[in-house]
Amino acid sequence: MLKFVDVPRGMPEKRAAEARRGDFDEIYREYAAAKAEEQSSRCSQCGVPYCQTHCPLHNNIPDWLKLTAEGRLEEAYAVSQATNTFPEICGRICPQDRLCEGNCVIEQSGHGTVTIGAVEKYITDTAWEEGWVKPAAPRVERPESVGIIGAGPGGLAAADMLRRRGFQVTVYDRYDRAGGLMIYGIPGFKLEKDVVMRRNKLLEDGGVTFELGKDIGVDIAFQELREKHDAILIATGVYKSRDLGGPGAGLPGILKALDYLTASNKTGFGDTVAEFESGELNANGKKVVVIGGGDTAMDCVRTAIRQGASSVKCLYRRDRANMPGSQREVANAEEEGVEFVWLSAPKGFVGDDRANGVRVAKMRLGAPDVTGRQTPEEIEGADYTEPADIIIKALGFDPEDLPKLWDVEGLDVTRWGTIKTDHRTHETALDGVFAAGDIVRGASLVVWAIRDGREAADAIAAKLDARASVVAAE
C-alpha cells in the first residue's frame, strides 16, 4: 500500500522535501507555528466578520485570530472551544472554502483568504500538547440521565454539553468505536483517527458512558431506553446508501462507498477485514471508477490512489462548476492523479460473473430546474463503456426507516424519511425524545451536526430543569 506524507499546501518545496526525508513532526510544528502567526496577523478585524456569520457554529474567528497573532494561544483556544466542541476536527475537515474562508473579506478583495482552518487546527493541536484541554468537571452532579443514540459528531457534541452541566450521559452506538463517520467514513489522511479517539477518551474521562456494539431495536429496545433515561436524543446520522439501477446493477465488483471506506479505515486501525484481504474492498493494482460528485466521492478516489490503484476515474453527470463537493478536494485529487470525467452518467454495468465496466452516457447541461441549477440531458448516441475492476457508488446517503427498525409508534418522519422535530427545541412528537444532526436535516456537514447537537443539549437541559422545578415545587 502506498504511503503518502501530506505536507501543508504552500510549504516551500525545499522545506517540504526536508519534511518528507526527516523529522516531519518537528519540521511541521515549526512551519505551522510560523504560518499560524503570519496568517492570523492578516485578519483585518473587519466591521462585518463574514467568516463568523458563514460558520454554522458562528465561531468567534476574528477574536481567536487576533489572540493567535499576539501569541496568546491558550486564550485563543478558550475562545475557539467556547462555541465548538471539536475545533481540531473542524480545522481538518470543514469545507472552509465554502464557509469561513470563502467569505473572508481579504479573499473577496482578491488578496487570498486567511487560512482559518489551518490556524484553528494549530491552536487546538497546541492546546492538546500543552495540556490545556480538560475533561468535563461539573460543579454539581445531576440525577437525571440522558440516553444518546449515535456516537457521531452530533451525539458526541450533545454528550459533552450535557455532561458539563452535570447530567448522567450514556451514548449508544452500533459500531465498536465511537465517532460515527469521523471514524469509519472519513479517511485517515484527512482526519487522523487518533484525533477522534483522543476526544472520545476525554469524554469518558469526563464521565460519559459509552455502550458500543449495541444496535437499537436488536440488542436494546427503544422503549427500554425511554424507561431507563429521563430524555433521549436520536443522533444516528444517515447511513442508507443511495443506489443505482440499470442493467448489471447487481453484479459483484460494484461497491457502496461506505463499505469501501469502512474497510479501509478498519485496516488502518489494524483490524482484519476479510473483504479487504481478499481484494474485494482493496483497490491495489486495479482500475477504479467512482460514480458521484460529492465529498464522499472525493474520499473514495483519494483512498484508491493511496491503496495503489493502477488508475482512478471519477464520473460525474454535471460539469466541474456544478459539482457539489469541495473544489479544494477536487484539486487535491487531481494533483494525486485522479482523472475526472465530467458530464458522464452511468446507464448500467457490463460483465458476466463480475462487473468489468460502466456503460456511460455523455451529457450536456440544459435549462435550469426550480433551484436554478442546470439539468443534465443525455446526448443520444454518445454512449461508451468505461473499463473498471472496481466500481464504487458514492451517491450520498438517505435515512434508515427508524420507526420500523425500532418498532416504535408516534415517531413522526418527513416524506424523505428524516425525523420530524420542533425546529426550536429539536423535540420529536414523542415527549422527552429529541433528534439532531443528519437524521433531521439529511446528509450534511460535521459542523452542522455539532451545532445541532449543542442546540439539542440546551433544549434537553431546559426541559429537565423545568421538570426538576415542578418536582421541587410540589
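Here, residues in each chain are numbered from 1, in the same order as that chain's written sequence. Only residues with pLDDT of at least 70 are given local features in this predicted model, and only at 80 or more are side-chain atom pairs given and counted; all residues enter the totals for whole chains, interfaces and linings. The side-chain numbers reported here are obtained from all heavy atoms of the structure, hydrogens and water having been left aside.

Side note on the sheet that holds strand β8 (residues 311-315)
Inclusion rule: Paired strands, as defined in this entry, are two strands with at least two bridges between them according to DSSP. Helix and strand labels come from DSSP, where a helix needs a run of H or I of at least four residues and a strand needs a run of E of at least two; each type is numbered from the N terminus. Between the N-to-C directions of two axes lies an angle of 0 to 180 degrees, each axis being a line fitted to C-alpha atoms and, for a helix, fitted only over the stretch in contact.
If you trace the five strands from one edge of the open sheet to the other, you get β6-β14-β7-β8-β9, paired in parallel fashion. In this open sheet, the two strands that pair with only one neighbour each are β6 (254-256) and β9 (339-341). Sheet twist, expressed as the average angle between the axes of neighbouring strands with direction ignored, equals 25°. Summarising the sheet, strand β7 (residues 287-291) and strand β14 (residues 390-393) pair through four bridges and their orientation is parallel.

A few points about helix α5 (residues 73-83)
Where we set the bar: Here's how the labels work: a residue is buried when its accessible area is under 20% of the maximum for its type, exposed when over 50%, partly exposed in between, all with a 1.4 Å probe on protein chains only. Note that the arc is defined by the directions from the helix axis to the C-beta atoms. In this description, contact between two residues means that some pair of their heavy atoms is separated by no more than 4.5 Å.
All of the buried residues along α5 are Leu73, Ala76, Tyr77, Ser80 and Gln81. Taken down its axis, α5 places every buried residue within 125° of arc, on the same side. Here the buried face of α5 lies against α4 (61-69), α6 (87-93), α8 (116-130), α11 (193-205) and α19 (446-473).

Quick notes on the packing of aromatic side chains
Condition: Under the pairing criterion, centres of Phe, Tyr and Trp rings, with the six-membered ring standing for Trp, must be within 6.5 Å; the plane angle then separates stacked pairs below 30 degrees from edge-to-face pairs above 60, leaving the rest tilted. Any Lys NZ or Arg CZ found within 6 Å of a ring centre and within 35 degrees of that ring's normal is scored as a charge over the ring.
Within this structure, the stated rule accounts for five aromatic pairs. Ring geometry for Tyr175 against Tyr239: centres 6.0 Å apart, planes inclined by 40°, an arrangement best described as tilted. Taken together, the residues span a long stretch of sequence, with Tyr175 in the loop between β2 (168-173) and α10 (181-184) and Tyr239 in the loop between β4 (231-234) and β5 (240-241) at a distance of 64 residues. Taking relative accessible area as the criterion, Tyr175 reaches 23% and is therefore assigned partly exposed. In textbook terms, an aromatic cluster arises when at least three aromatic residues are bridged by ring pairs, as seen for Tyr175, Tyr184, Tyr239 and Phe269. Sitting over the face of the ring of Phe269, Arg177 holds its NZ or CZ atom 4.0 Å from the ring centroid. For Arg306, the ring lying beneath its charged end belongs to Phe189, and the centroid distance is 3.8 Å.

Details of the confidence of the model for the chain
Which entries qualify depends on this criterion: Scored between 0 and 100, pLDDT is the confidence that the predictor attaches to each residue.
Confidence in the prediction for the chain averages 92 pLDDT; 94% of positions are at 70 or higher. Per-residue pLDDT stays below 50 along residues 1-5; that stretch engages in eleven contacts with residues further than four places along the chain or on separate chains. In this model, residues 18-22 is a region of pLDDT below 50 whose contacts with residues beyond four sequence positions or in other chains number eight contacts.

Digging into unusual backbone geometry
At His58, a position not held by glycine, the phi torsion is positive, near 50°. Structurally, His58 is set in the loop between α3 (50-53) and α4. Classification of His58 by relative accessible area gives partly exposed; the value is 39%. Residues other than glycine seldom take positive phi values, yet Asp407 does so here, at roughly 55°. With respect to the secondary-structure elements, Asp407 resides in the loop between α17 (402-405) and β16 (433-435).

Quick look at the side chain of Asp173
Applied cut-off: Contacts described as polar in this section are N or O atom pairs within 3.5 Å, which, within protein, must combine one atom able to donate a hydrogen with one able to accept it, while residues neighboring in sequence count only if both atoms come from side chains.
If you trace the backbone, Asp173 turns up in strand β2. A polar contact is formed between the side chain of Asp173 and the backbone nitrogen of Tyr175, at a distance of 2.9 Å. Contacts of Asp173, omitting those with residues within four sequence positions, involve Gly150, Ala151, Glu211, Leu212, Gly213 and Lys214.

Some thoughts on helix α13 (residues 257-268)
Cut-off, in case you're wondering: A helix is expected to span 1.5 Å for every residue after the first.
An ideal rise of 1.5 Å per residue puts 16 Å on twelve residues; α13 measures up with 17 Å between its terminal C-alpha atoms. Within the sequence span of α13, burial applies to Ala257, Leu258, Tyr260, Leu261, Thr262, Ala263, Ser264 and Asn265. Two residues or fewer after α13 comes Gly270, characterised by a positive phi angle close to 95°.

Looking at the environment of Pro153
Of note, Pro153 is situated in helix α9 (residues 153-164). Judged by its relative accessible area of 12%, Pro153 is buried. The spatial distance from the C-alpha of Pro153 to the C-alpha of Ala429 is 23 Å, given a sequence separation of 276 residues.

Regarding the sheet that holds β4
The five strands are arranged β3-β2-β1-β4-β16 in an open sheet whose pairing can be described as parallel. Here the strands that pair on one side only, and so sit at the sheet edges, are β3 (209-212) and β16. In this sheet, neighbouring strand axes are inclined to one another by 20° on average, regardless of whether the strands run parallel or antiparallel.

Considerations on the nonpolar core
For clarity, the threshold we go by: Residues grouped as a nonpolar core are buried Ala, Val, Leu, Ile, Met, Phe, Trp, Tyr and Cys residues, joined through side-chain atoms within 4.5 Å.
In this structure, Ile148, Leu162 and Leu233 are the most contacted members of the largest nonpolar core, which totals 69 residues. Among the elements that make up this core, the one with the highest residue count is α19 (nine residues). Every residue in contact with Ile148, bar those within four places of it in the chain, is listed here: Gly155, Ala158, Ala159, Leu162, Val169, Thr170, Val171, Tyr172 and Leu233. In terms of nonpolar packing, the next biggest core, distinct from the first, is built from 29 residues, Phe276, Val312, Val330 and Ala394 among them.

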